[in-house]
Amino acid sequence: MEKFTALKSTAIPLNIENVDTDQIIPARFLKATDKKGFGDNVFRDWRYNKDGSENSDFVLNDSKYSGSILVAGDNFGCGSSREHAAWGIVGFGFKVVVSSFFADIFKGNALNNGLLPVQVSKAFLSDLLQQIESNPQTELEVNLYNQTISVKDSDLSEGFKIDAYKKTCMINGYDDIDYLVNHKEQIEAFEAQKIY
């Protein structure tokens, strides 16, 4: 995984609540086991019309919005446990998803794939969405060390929680195996002390 410490970026506002994993990556695209290509089909049924043409009304197709932060409505990632949803979001180019609530399984899948889920209060999310929608050039800063998200040149800022282990993994670019390998000497020392 890529290391993540801090990110400054504009954001794309997906002001829709209860976005489930089937909306993020429709079930018909789950046949592949390789992460490659999932970004092409993220939000597929919202991004494209039935004839395959681009849906100009969907925010990801609106050229005024860009960035590697997705700011979504409440209860993001609900529904089935498919890890492919996180693969698709990362494959599209997002590094952070902001919402006032995440489904637990989606949150875990996101963290396991280098996607930082930033859970904020409903009031902060509402202010953030309003700010981005009124000014698409709004720049956000997400600081994982300090566990804060803020809007550049404003007082809009809030802290967020993250599991300490997952924070360590993201900062160092570790998956679970990398973390264990990095502690190999301590593990071997501990094992050497055991009496059988």
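These lines cover the structure that appears in this document, whether it is placed above or below. (Residues numbered from 1 in each chain as written. Predicted model: local features only at pLDDT ≥ 70, side-chain atom pairs only at ≥ 80, totals over all residues. Heavy atoms only, no water.)

**Thoughts on the layout of surface pockets**
Thinking step 1. Roughly 230 Å³ of internal volume is contained in the largest pocket.
Thinking step 2. Glu2, Phe4, Val90, Lys95 and Gly114 are the residues nearest the centre of the largest pocket, which is lined by 14 residues in total.
Thinking step 3. For the lining of the largest pocket, the class distribution of residues is eight nonpolar, three polar and three charged. (1 Å grid on protein atoms, 1.4 Å probe; cavity = no way out; pocket = protein on both sides within 12 Å on 5 of 7 lines; lining within 4 Å. Points joined across faces, edges and corners; volume = space filled by probe spheres on them. Nonpolar A, V, L, I, M, F, W, Y, C, P; charged D, E, K, R; others polar.)

**Let's talk about the environment of Glu83**
Thinking step 1. Among the secondary structure elements, Glu83 is positioned in the loop between β2 (69-72) and α3 (84-92).
Thinking step 2. The exposure class of Glu83 is partly exposed, given its relative accessible area of 29%.
Thinking step 3. Spatially, the C-alpha atoms of Glu83 and Glu141 are 26 Å apart, while their sequence positions differ by 58 residues. (Helix = DSSP H or I, 4+ residues; strand = E, 2+ residues; numbered from the N terminus. Buried < 20%, exposed > 50% of the residue type's maximum accessible area, 1.4 Å probe, protein only.)

**A short note on unusual backbone geometry**
Thinking step 1. One non-glycine residue, Asn18, lies in the positive phi region at around 60°.
Thinking step 2. Turning to its location among the elements, Asn18 is positioned in the loop between β1 (6-14) and α1 (21-24).
Thinking step 3. Judged by its relative accessible area of 42%, Asn18 is partly exposed.
Thinking step 4. One non-glycine residue with positive phi stands out, namely Asp153, at about 60°.
Thinking step 5. If you trace the backbone, Asp153 turns up in the loop between β6 (148-151) and β7 (157-159).
Thinking step 6. Residue classification places Asp153 among the exposed positions, given a relative accessible area of 76%.

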